[in-house]
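# Topology and contacts: notes
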Amino acid sequence: MESAEKIVAQKLLEIEAVQLNIEKPFVWASGWLSPIYCDNRKILSVPEVRSFIRDTLCKLITHNYPSVEVIAGVATGAIAMGALVADKLGKPFIYVRPRRKDHGTGAQIEGSFEPESKVVVVEDLISTGHSALSASDCLKKSCANVLGMVAIFSYNFDIARRAFEKSNCELHTLTNYDTLIREAAENNYVNKEQLDTLKIWRLTPNTWGR
């Protein structure tokens, strides 16, 4: 029986949520050049895959955090999936903005929860971990009991691993970079030379291609 990691990676490749372009690298918001770009928002447009990802996230949460009381999404990428997960689990949903609004109530956390509520954070993907951990820290400062975080995909960067360890925040993901590129190679999305490039990029993503 195929593992969930493998199946999720296959589905991301099939719906082109993951794009590979070694000849013309993508430019991330951080300025990094990358031969790979993961856009999990495409999941929302494919009902069968959307339901599968939602249900698999729900299983991940109930297995690791059975006492969860509230689901929190990280804006903006994980708002929709977080809401779908919360609905499936029958839990309240909130989401965390990158910063406070400059209008209206000036809130950073949208929605409401009781102090010390047990919260699981949902993120769409983990690169450096900065935005996800900022959301977790914001919730903790607002008196939430953050149990941990789940995400659809992680690049498995060392910088992210160290950041999560430092923040003492537990992270579980449906799939990851290593599984993804292995599936890409086995299903002829990339050739051996391209696979080697993808492996090299992951070691020094901040300087690759410059």
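Residues numbered from 1 in each chain as written. Predicted model: local features only at pLDDT ≥ 70, side-chain atom pairs only at ≥ 80, totals over all residues. Heavy atoms only, no water.

### Considerations on the packing of aromatic side chains
Both the distance between ring centres and the angle between the ring planes are used here to describe each pair of aromatic rings. Definition in use: A pair of Phe, Tyr and Trp rings is counted when the ring centres sit within 6.5 Å of each other, with Trp represented by its six-membered ring. The angle between the planes then sorts it: under 30 degrees is stacked, over 60 is edge-to-face, the rest tilted. Helix numbering and strand numbering both begin at the N terminus, where a helix is a DSSP run of H or I of at least 4 residues and a strand a DSSP run of E of at least 2. Each residue's exposure class comes from its accessible area (1.4 Å probe, protein chains only) as a fraction of the maximum for that residue type: buried when under 20%, exposed when over 50%, partly exposed otherwise.
Per the stated rule, a full pass over the model turns up twelve aromatic pairs. Seen from their ring centres, W28 and W201 are 5.7 Å apart, and the 80° between their planes marks the pair as edge-to-face. Remark: W201 occurs in helix α7 (residues 192-203) and W28 occurs in the loop between β2 (26-27) and β3 (33-34); sequence separation between them is 173 residues. With relative accessibility at 0%, the residue W201 sits in the buried group. Measuring from centroid to centroid gives 5.6 Å for W32 and F157, while their planes differ by 75°, and the two rings are edge-to-face. In this pair, W32 is assigned in the loop between β2 and β3 and F157 in the loop between β9 (145-154) and α5 (158-167), connecting sequence segments 125 residues apart. Its relative accessible area of 14% is what places W32 among the buried residues. Every member of this aromatic cluster is reached through a ring pair, and the members are W28, W32, F153, Y155, F157, Y177 and W201.

### A few points about the nonpolar core
The following threshold applies: Definition of nonpolar core: a set of buried residues of the types Ala, Val, Leu, Ile, Met, Phe, Trp, Tyr and Cys, connected through side-chain atoms within 4.5 Å. Every residue pair with non-hydrogen atoms within 4.5 Å of one another is taken to be in contact.
In this structure, I53, L139 and Y155 are the most contacted members of the largest nonpolar core, which totals 67 residues. Discounting residues that sit within four places of it in the chain, Y155 has contacts with W28, I36, Y37, C38, L125, I126, S127, Y177, W201 and R202.

### As for helix α6 (residues 177-186)
Listed as buried for α6 are Y177, T179, L180, I181, E183 and A184. Contact partners of the buried residues in α6: α1 (4-14), β1 (18-20), β4 (36-38), β9, β10 (171-176) and α7. Once α6 finishes, N188 follows within two positions and takes phi at roughly 65°, a positive value.

### Let's talk about the pattern of salt bridges
Stated formally: Each reported salt bridge corresponds to a side-chain nitrogen of Lys or Arg within 4 Å of a carboxyl oxygen of Asp or Glu.
In this structure the tally under the stated criterion is ten salt bridges. The closest approach of N and O atoms between K6 and E183, which form a salt bridge, is 2.6 Å. A residue pair is termed long-range when its members are at least 10 positions apart, and K6 in helix α1 and E183 in helix α6 qualify at 177 residues. A relative accessible area of 22% places K6 in the partly exposed class. One salt-bridge network, in which partners are shared between bridges, spans K6, E183 and E186.

### Quick word on the packing of helix α2 (residues 47-64) against helix α3 (residues 79-89)
The condition is simple: Between N-to-C directions, angles cover 0 to 180 degrees, with each direction set by a line fitted to C-alpha atoms, over the stretch in contact for helices. Here a crossing is taken to be left-handed if its near helix is turned anticlockwise relative to the far helix by less than a right angle, and right-handed if that turn runs clockwise. Following the grouping adopted for this structure description, the nonpolar residues are Ala, Val, Leu, Ile, Met, Phe, Trp, Tyr, Cys and Pro, the charged ones are Asp, Glu, Lys and Arg, and the polar ones are all others, Gly among them.
In the contact formed by α2 and α3, the axes pass within 9 Å of each other and the chain directions differ by 65°. Crossing angle aside, the handedness with which α2 passes α3 is right-handed. In contact with R50, I53, R54, D55, L57, C58, I61 and T62 of α2, α3 contributes M81, L84, V85, K88 and L89. For the contact of α2 with α3, the per-class residue count stands at eight nonpolar, one polar and four charged.

### Focus: unusual backbone geometry
A cis amide bond links A75 with the next residue in sequence, T76, at an omega value of -5°. With respect to the secondary-structure elements, T76 resides in the loop between β5 (70-74) and α3. Its identity is not glycine, yet N168 carries a phi of approximately 55°, on the positive side. Residue placement: N168 occurs in the loop between α5 and β10.

So yeah, pure geometry; function would need other evidence.
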